[in-house]
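Chains, contacts and geometry: an overview
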Amino acid sequence: MKLLRLPGRFEWKILLALFIVASLPLGAAAYLMSVTIGRIEAITFQHQEAVRQSLGGAVDVYKAYFDKMKDSFRARANEIATGPVDHAADLAEVPDLLRARILAGTRVVDEWSAAPNVIADAHEAPPNLVALPSVGPEPRLLEVTFGIPREIYSNFLALRAAMEEEHELDRLLPVVLPRIFHGLGVALVAVLALAAALGLFIARRATGRVATLSDAARRVGEGDLTVRVAPRGSDELDDLGRAFDRMVAELSEARSRLVYLQKVSAWQEVARRLAHEIKNPLTPIQLAVQELASTYRGGDPAYQRLLETAQEILNEEVGAIRRLVDDFSAFAKLPKVEPLPVDLGQVVDDFARAHPEWQEALHVDRHAPVEALCDRMLVRRVLANLVENAVQAAAAAGKKPMVRLAVALDASGRAASLTVDDNGPGVEAPSRDRIFDPYVTTKEHGTGLGLAIVRKIVLDHGGDIRLTDAPAPLGGARFVVTLPALPGAGPTAPPRATPGGRRIP
Ligand SMILES: Nc1ncnc2c1ncn2[C@@H]1O[C@H](COP(=O)(O)OP(=O)(O)OP(=O)(O)O)[C@@H](O)[C@H]1O
Ligand SMILES: [Mg+2]
């Protein structure tokens with residue numbers, strides 16, 4: 001149905017170009033041919049005129065010659081008839097004689113014929129009839145037939161045939177020329193029709209793809225970043241389509257980061273206020289209860305015990321609330337990232353050494369140095385949250401925790417990756433999208449801030465974090481953090497995990 005619509009302006013241009021290209025050679029050929037044929041016609045006309053004149057002259061000469069011969073044959077016949085002719089064979093010596101017959105009335109009384117090949121064919125002329133002196137009662141007639149040389153006659157015939165052919169040629173040229181031009185015209189129309197069909201097909205394909213691209217660009221302009229053109233070919237338009245898809249994907253990623261960062265910043269504000277509001281009354285509450293317990297002077301020991309127990313519970317709960325407030329404050333006051341070139345592997349090693357409590361569980365895979373641009377202190381915070389989650393997940397599943405940290409440079413050499421694998425139960429599909437949101441937790445005493453802090457720090461670095469779908473090698477979750485690599489660090493071979501990894505001392 002698409003092919004049936006009227007051509008657009010770009011398609012008209014392509015069609016016009018194709019028309020010109022297709023019709024130029026044929027038009028030029030027709031022009032050259034008409035000029036050449038015109039010249040040939042003029043030359044042959046003159047030539048034919050001359051040939052016709054000379055041929056006509058030659059034929060006339062032959063005709064005159066034949067007339068002369070006929071006259072001479074008649075005269076000779078009369079001459080022969082005056083002599084004594086008793087038998088036809090008496091005339092055997094007469095030159096050019098072909099046949100002699102003596103007739104009495106209608107009867108042939110004597111006949112002689114020249115031996116074949118002696119004398120040439122007779123020219124189609126009636127035989128000469130002359131009266132012979134009578135010998136009997138019946139009148140006698142002599143019929144003599146003369147011949148002319150075979151060569152002369154056949155020359156004459158050839159000349160006549162040539163003349164006829166010449167006339168035929170005259171008639172032929174005016175018939176053939178229009179046919180040639182007609183044929184050229186038909187070829188031109190056919191070529192133009194073919195060029196139109198082909199041009200329209202090619203133009204439609206190109207404009208169709210451009211239309212798809214511009215439609216996709218319009219939808220992106222309207223804010224739909226899920227649009228992809230996904231070209232399958234390998235020409236320039238397909239390259240453009242792939243570049244477009246990459247651009248939209250990057251745009252979509254950038255937008256989701258921006259949205260996330262905006263959300264986090266709003267949550268940080270809430271956390272800051274909450275922390276402030278909760279923290280303020282904690283000390284007065286604690287002091288009041290302490291005061292109550294210490295100033296009780298009554299003699300009721302049961303009441304005294306009740307007061308002490310209440311004070312204990314309160315201190316415990318206030319302590320928990322303080323930790324919560326600390327977490328809120330930490331989240332609210334995340335420091336600004338100050339990136340410096342560091343060996344990411346070294347940062348991971350240092351982190352492992354600084355946490356002897358995880359020494360049993362932690363394995364580090366690192367080979368060549370991976371130079372990245374990052375804030376060492378904040379990356380350690382990222383590691384702490386991820387490892388803590390991993391250890392907690394495995395322990396909650398009743399397993400001995402095992403966490404593998406791998407550091408590598410990606411193939412493009414522009415990003416450094418930090419992979420955290422664990423042997424826990426992994427993350428259920430429905431929660432995957434939400435676990436990076438603040439306050440999302442499945443733990444009884446969790447705040448749900450760990451991964452929000454991690455993602456905020458990573459995004460502030462210009463990197464990203466994702467939870468991979470594929471089953472992780474240790475059977476649990478796999479988080480991959482990407483951070484900007486130091487420019488010019490160059491790609492290195494992907495890390496080869498030594499069996500069991502390198503145990504942190
Ligand atoms: N390695 C993991 N394996 C399985 N589930 C995980 C893992 N890491 C995170 N999760 C899930 O993501 C949720 C959010 O994690 P996050 O670190 O943000 O908060 P939290 O650990 O619950 O609380 P907090 O970090 O404040 O102690 C967790 O409650 C848990 O359900
Ligand atoms: Mg956590």
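Residues numbered from 1 in each chain as written. Chains lettered and ligands numbered in written order. Predicted model: local features only at pLDDT ≥ 70, side-chain atom pairs only at ≥ 80, totals over all residues.

1. So, the site of ligand 1
Our working rule: Using a C-beta atom placed from the backbone, a residue is described as near a molecule or strand when that atom lies within 6 Å of it. We count a stretch as a helix when DSSP gives it H or I for four or more residues in a row; a strand needs E for two or more, and each element gets its number in order from the N terminus.
As a matter of local geometry, ligand 1 sits amid 22 residues, with Asn389, Ala393, Thr441, Gly446 and Gly450 nearest to it. Mapped by element, the contributors of at least two residues to the shell around ligand 1 are helix 6 (376–396) and helix 7 (450–460). Considering each element in turn, the shell around ligand 1 owes the most residues, four residues, to helix 6.

2. What to know about the environment of Ser431
Here Ser431 lies in the loop between strand 9 (415–422) and helix 7. A sequence separation of 328 residues divides Ser431 from Leu103, and the C-alpha atoms of the two residues are 139 Å apart.

3. Here we look at helix 2 (residues 150–221)
To keep things clear, this is the line we draw: Given a helix with a known number of residues, its expected span is that number minus one, times 1.5 Å.
Compared with an ideal rise of 1.5 Å per residue, which puts 72 residues at 106 Å, helix 2 spans 101 Å between its outermost C-alpha atoms and is within 8% of the ideal. Looking one or two places after helix 2, you find Gly223, whose phi comes out positive at around 105°.

4. Observations concerning the sheet that holds strand 3 (residues 128–132)
The test is simple: DSSP calls a pair of strands paired once it identifies at least 2 bridges connecting them. The convention used is that axes are lines fitted to C-alpha atoms, helices contributing only their stretch in contact, and that angles between N-to-C directions extend from 0 to 180 degrees. Each residue is represented by a C-beta atom placed from its backbone, and any two residues with such atoms within 7 Å are regarded as in contact.
Read from one edge to the other, the open sheet built from four strands follows the order 2-1-4-3, with strand pairing classed as antiparallel. Two strands close off the open sheet at either side, each with one partner strand: strand 2 (107–113) and strand 3. With direction set aside, neighbouring strand axes in the sheet form an average angle of 20°. Where strand 3 and strand 4 (residues 140–146) come together, five bridges link them in antiparallel fashion. Counted as the bridge partner of Leu132 is Arg140 from strand 4. Contacts from helix 1 (residues 9–82) reach strand 3 and strand 4, with the element oriented near 20° to strand 3.

5. Let's talk about the environment of Tyr303
The condition that has to hold: Any residue surrounded by 20 or more other C-beta atoms within 10 Å of its C-beta is treated as buried, while 12 or fewer makes it exposed and the intermediate range makes it partly exposed; C-beta atoms here are placed from the backbone.
Tracing the backbone through its elements, the reader meets Tyr303 in helix 4 (residues 301–332). On the basis of neighbour counts, which here come to 11 C-beta atoms within 10 Å, the residue Tyr303 falls in the exposed class.

6. Focus on the confidence of the model for the protein chain
Basically, it comes down to this: Every residue gets a pLDDT, meaning the predictor's confidence in that residue, from 0 to 100.
Per-residue confidence for the protein chain gives a mean pLDDT of 87, with 94% of residues at or over 70. A low-confidence stretch, residues 492–505 stays under pLDDT 50, and its non-local contacts, those more than four residues away or across chains, total 23 contacts.

7. What to know about the pairing of strand 9
Within strand 9, six of the eight residues are buried, which leaves it mostly tucked inside the rest of the structure. When strand 8 (residues 403–409) meets strand 9, the two strands line up antiparallel, connected through seven bridges. Residue pairing across strands places Leu405 opposite Val420, the latter belonging to strand 9. Counted along the chain from strand 8 to the antiparallel partner strand 9, the turn is five residues long, and its residue Gly413 has a positive phi close to 80°. In terms of strand pairing, strand 9 meets strand 11 (residues 478–484) through seven bridges, oriented antiparallel.

8. What about unusual backbone geometry?
The phi torsion at Asp96 lies on the positive side, around 65°, for a residue other than glycine. The residue Asp96 is located in the loop between helix 1 and strand 1 (97–104) in this model. When the 18 C-beta atoms within 10 Å are taken as the criterion, Asp96 is described as partly exposed. With a phi angle near 65°, Tyr439 is a residue other than glycine that sits in the positive phi range.

9. Some thoughts on the packing of helix 2 against helix 3 (residues 236–294)
The condition that has to hold: Here the angle decides the label: under 35 degrees means roughly parallel, over 145 means roughly antiparallel, 65 to 115 means roughly perpendicular, and every other value means oblique. Three categories are distinguished: nonpolar for Ala, Val, Leu, Ile, Met, Phe, Trp, Tyr, Cys and Pro, charged for Asp, Glu, Lys and Arg, and polar for the others, with Gly belonging to the last.
Put simply, helix 2 and helix 3 touch, their axes get as near as 11 Å, and they point 10° apart. It follows from the interaxial angle that helix 2 and helix 3 lie roughly parallel. Every residue of helix 3 that contacts helix 2 at Ala206, Arg209, Leu213, Ala216 and Val220 is listed here: Leu237, Leu240, Gly241, Phe244 and Val248. Class assignment for the residues of the contact of helix 2 with helix 3 results in eight nonpolar, one polar and one charged.

10. Quick look at the packing of helix 3 against helix 7
Inclusion rule: In this scheme the crossing of two helices becomes right-handed for a clockwise turn of the near helix relative to the far one and left-handed for an anticlockwise turn of less than a right angle.
The contact between helix 3 and helix 7 brings their axes to 11 Å, and the two run at 125°. Taken together, helix 3 and helix 7 sit at an angle that is classed as oblique. When the axes of helix 3 and helix 7 are compared, the crossing they make is left-handed. Every residue of helix 7 that contacts helix 3 at Arg257, Tyr260, Leu261 and Val264 is listed here: Ala452, Arg455, Lys456 and Leu459. Per-class residue counts for the contact of helix 3 with helix 7 are five nonpolar, no polar and three charged.

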